[in-house]
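Chain by chain, the residues run as shown.
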Amino acid sequence: MASINKIGVFTSGGDAPGMNACIRAVVRTGIYLGKQVVGIHQGYQGMIDKKFTNMDARSVRNIIQLGGTVLKTARCVDFRTYEGRKKAYDNLKEEGIDALVPIGGDGTFSGAEELSREFDIPVICVPGTIDNDLYGSDFTLGYDTATNTVIEAIDKIRDTAASHDRLFFVEVMGRDSGCIALHAGVAGGAEAILLPEKETAIDDLIHKLEEGALSKKSSCIVIIAEGDKNGGAYNVAKRVKEKFNFYDIKVTILGHLQRGGTPSSFDRVLGSRMGYAAVKALLAGENRKMVGLRGNEIKLTDLEDAIHNHSFKLEEDLLDMATILAI
């Protein structure tokens, strides 16, 4: 592998709290180790449009506490073609960038792996997604903050629900992963949690809600991941309302509220650890790997495994506990 002198860092896909902490760590670690670092704005689109900024240690001051991503993010249809990737690579080469640290989810990783294989440019990826659904890391950047945001919302909804004898259906993000729904549901004391990984019959849900009403529960909250097979909170609420009339039924969609906000201490530290580790891995000669947190240690996972291995499973004890503690 050729010597690395200039590292490009960018964010792609959905934004996640903690990305800025990671950008900061990549920039300062690279500079500390004698390398140049370039920020690529708007992800792969920025590569094609030559949106490059030379960064120094002061370029990333006062960003560790910010949500979102200071480098911005964008979808790029052109990058899905060989011609688009060739143009991106030519621009990187012209800029003198000889290694990359992409921060994002599996779509970001897929693009990075293709670019690396086609043009032999080293990449070490950082998992930045609130869904916490990437193989090779116990936690992904943004997941902790997003979950805490949902819990805060549930606590506030619980106050008004109890005041009015209401049943709230709260929809949270998670098209393919129920991590946010499960953890926030347990922490928020939800009466039921509907997940993409576990199909829940509407009749079973109604039976559970009826048991709660008969035991004099003053309110109920049901957490629904957006990817639940029943079709989302509005559809579930409509079907429940046809057979259940103990409470006044309301629906809350938290939506992109979950993506924003000040990153938690955990996500700031995790982003810093991962950004530092990504640069160190590149300079140690590693390539096409993802940095991840496993058992409180930073480990490397082959990028191909991180992209294609979908064996991530929700904790069985939490699934069982959620049912028991909701009586």
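### Here we look at the overall build of the protein chain
In terms of regular secondary structure, the protein chain is built from 11 helices and 11 strands. Seen through its principal axes, the protein chain has C-alpha atoms that stretch 70 × 35 × 35 Å. Relative to its 327 residues, the protein chain shows a buried fraction of 52%. Put simply, 76% of the contacts in the protein chain that link residues at least 6 apart link residues at least 24 apart. With an accessible surface of roughly 14,800 Å², the protein chain has 47% of that area assigned to carbon and sulfur atoms. For the protein chain, the distance from the average site of its 39 positive side-chain charges to the average site of its 45 negative ones is 5 Å.

### Overview of the packing of aromatic side chains
Centre-to-centre distance and the angle between the planes together describe a pair of aromatic rings. Applying the stated criterion across every chain, the model contains 8 aromatic pairs. Ring centres of F244 and F246 lie 5.2 Å apart, and the angle between their planes is 40°; on these two criteria the pair is classed as tilted. Judged by relative accessible area, F244 falls into the buried class, the value being 2%. A relative accessible area of 42% means that F246 is categorised as partly exposed. A connected cluster of aromatic rings, assembled from ring pairs, spans F10, Y44 and F79.

### Quick look at the nonpolar core
Residues V126 and I223 are the most contacted members of the largest nonpolar core, which totals 58 residues. Looking at which element gives the most residues to this core, the answer is helix 5 (residues 143-164), with 8 residues. Excluding anything up to four places from it in sequence, V126 contacts C22, V101, P102, I103, G104, F109, L141, M274, A278 and V291. In this structure, F10, Y89, L115 and A306 belong to the second largest nonpolar core, which totals 26 residues.

### Concerning a nonpolar patch on the surface
A surface patch of nonpolar side chains, about 320 Å² in accessible area, is lined by Y32, L33 and L283. As for its position among the elements, Y32 is in helix 1 (residues 19-32). Since its relative accessible area comes to 74%, Y32 is described here as exposed.

### A look at unusual backbone geometry
One non-glycine residue, K50, adopts positive backbone phi at about 60°. Within the secondary structure, K50 sits in the loop between helix 2 (43-49) and strand 3 (52-55). Given the relative accessible area of 46%, K50 is considered partly exposed.

Conventions adopted
- Residues numbered from 1 in each chain as written.
- Predicted model: local features only at pLDDT ≥ 70, side-chain atom pairs only at ≥ 80, totals over all residues.
- Heavy atoms only, no water.
- Helix = DSSP H or I, 4+ residues; strand = E, 2+ residues; numbered from the N terminus.
- Buried < 20%, exposed > 50% of the residue type's maximum accessible area, 1.4 Å probe, protein only.
- Contact = heavy atoms within 4.5 Å.
- Areas by Shrake-Rupley, 256 points an atom, 1.4 Å probe, with all protein chains shown as cover.
- Lys, Arg positive; Asp, Glu negative; His and termini not counted.
- Charge placed at Lys NZ, Arg CZ, Asp CG, Glu CD.
- Phe/Tyr/Trp six-rings, centres within 6.5 Å; stacked < 30°, edge-to-face > 60°.
- Core = buried A, V, L, I, M, F, W, Y, C linked by side-chain atoms within 4.5 Å.
- Patch = residues over 30% accessible without salt bridge, like charges linked within 9 Å, V, L, I, M, F, W, Y side chains within 5 Å.
- Salt bridge = Lys/Arg side-chain N within 4 Å of Asp/Glu carboxyl O.

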